[in-house]
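Chains, contacts and geometry: an overview
Here's the letter readout for the chains.
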Amino acid sequence: VYREHARESLNFFEHNIQVWRQVWRALERSDIALIILDARCPLFHFPHALWRHITADMGRDAVIVLNKCDLVPLEAVSAWVRHFEGMLGG
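This section reports on the structure supplied with the text. (Residues numbered from 1 in each chain as written. Predicted model: local features only at pLDDT ≥ 70, side-chain atom pairs only at ≥ 80, totals over all residues. Heavy atoms only, no water.)

As for the overall build of the protein
From N to C terminus, the protein includes four helices and two strands. Helices and strands appear in the protein in the N-to-C order α-β-α-α-β-α. Out of the 90 residues in the protein, the part that is buried amounts to 18%. In the protein, the proportion of contacts linking residues at least 24 apart, taken out of those at least 6 apart, comes to 63%. Approximately 6,800 Å² of the protein is accessible, and the part contributed by carbon and sulfur atoms is 55%. For the protein, the centre of its 10 positive side-chain charges and the centre of its 11 negative side-chain charges are spaced 7 Å apart. (Helix = DSSP H or I, 4+ residues; strand = E, 2+ residues; numbered from the N terminus. Buried < 20%, exposed > 50% of the residue type's maximum accessible area, 1.4 Å probe, protein only. Contact = heavy atoms within 4.5 Å. Areas by Shrake-Rupley, 256 points an atom, 1.4 Å probe, with all protein chains shown as cover. Lys, Arg positive; Asp, Glu negative; His and termini not counted. Charge placed at Lys NZ, Arg CZ, Asp CG, Glu CD.)

Quick look at the structure:
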């Protein structure tokens, strides 16, 4: 990982190969993946590389779930839904 990315550009979990091994094992056994995003700031939590790995590399379906929608205005939730539909194809 460190050969491809600067250490400071990685989050805590990206440093730990054991975390990724567990994610890969779970994905290998799954028919579909759920990516749960905090509706207060979903772009911060959206893992683009993981989405590409699941949908393009593995050829699996993935569903985005917006969590904590009760904490943001309904208009904001609707705007995020439109954004992700446009970005990823609805």
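Continuing now.
Quick look at the pattern of salt bridges
Opposite charge on two side chains permits pairing when their charged atoms draw close. Applying the stated criterion across every chain, the model contains two salt bridges. Across the pair Asp38 and Arg40 runs a salt bridge whose closest N-O atoms are separated by 2.6 Å. The shortest N-O distance in the salt bridge between Asp38 and Lys68 comes to 3.7 Å. Placement of the pair is Asp38 in strand 1 (residues 32-38) and Lys68 in the loop between strand 2 (61-67) and helix 4 (74-88), with a sequence separation of 30 residues. Through salt bridges with shared partners, a single ionic network connects Asp38, Arg40 and Lys68. (Salt bridge = Lys/Arg side-chain N within 4 Å of Asp/Glu carboxyl O.)

Quick word on the nonpolar core
Of all hydrophobic cores here, the largest spans 13 residues; its most connected members are Leu37 and Ile54. If near-sequence neighbours (up to four positions away) are discounted, Ile54 is found in contact with Leu27, Ala33, Ile35, Gly59, Arg60, Asp61 and Ala62. (Core = buried A, V, L, I, M, F, W, Y, C linked by side-chain atoms within 4.5 Å.)

So, helix 4
Here helix 4 spans 21 Å end to end across 15 residues, near enough to the 21 Å set by a 1.5 Å rise per residue. Directly after helix 4, the chain includes Gly89, whose backbone phi takes a positive value near 85°. (Expected span 1.5 Å × (residues − 1).)

Regarding the state of the cysteines
A complete count under the given rule lists zero disulfides for this structure. The thiol of Cys41 is not disulfide-bonded; the next cysteine sulfur, from Cys69, is found 13 Å away. (Disulfide = S-S within 2.5 Å.)

Things to note about the packing of aromatic side chains
Under the counting rule described, the total for this entry stands at four aromatic pairs. A centroid spacing of 5.5 Å and a plane angle of 55° characterise the contact between Phe46 and Phe84, whose relative ring orientation is tilted. With Phe46 in the loop between helix 2 (42-45) and helix 3 (48-57) and Phe84 in helix 4, the pair connects residues that are 38 residues apart, well separated along the chain. Here Phe46 falls in the buried class, since its relative accessible area comes to 6%. On the numbers, 6.2 Å between centres and 35° between planes, the contact of Trp80 with Phe84 is tilted. (Phe/Tyr/Trp six-rings, centres within 6.5 Å; stacked < 30°, edge-to-face > 60°.)

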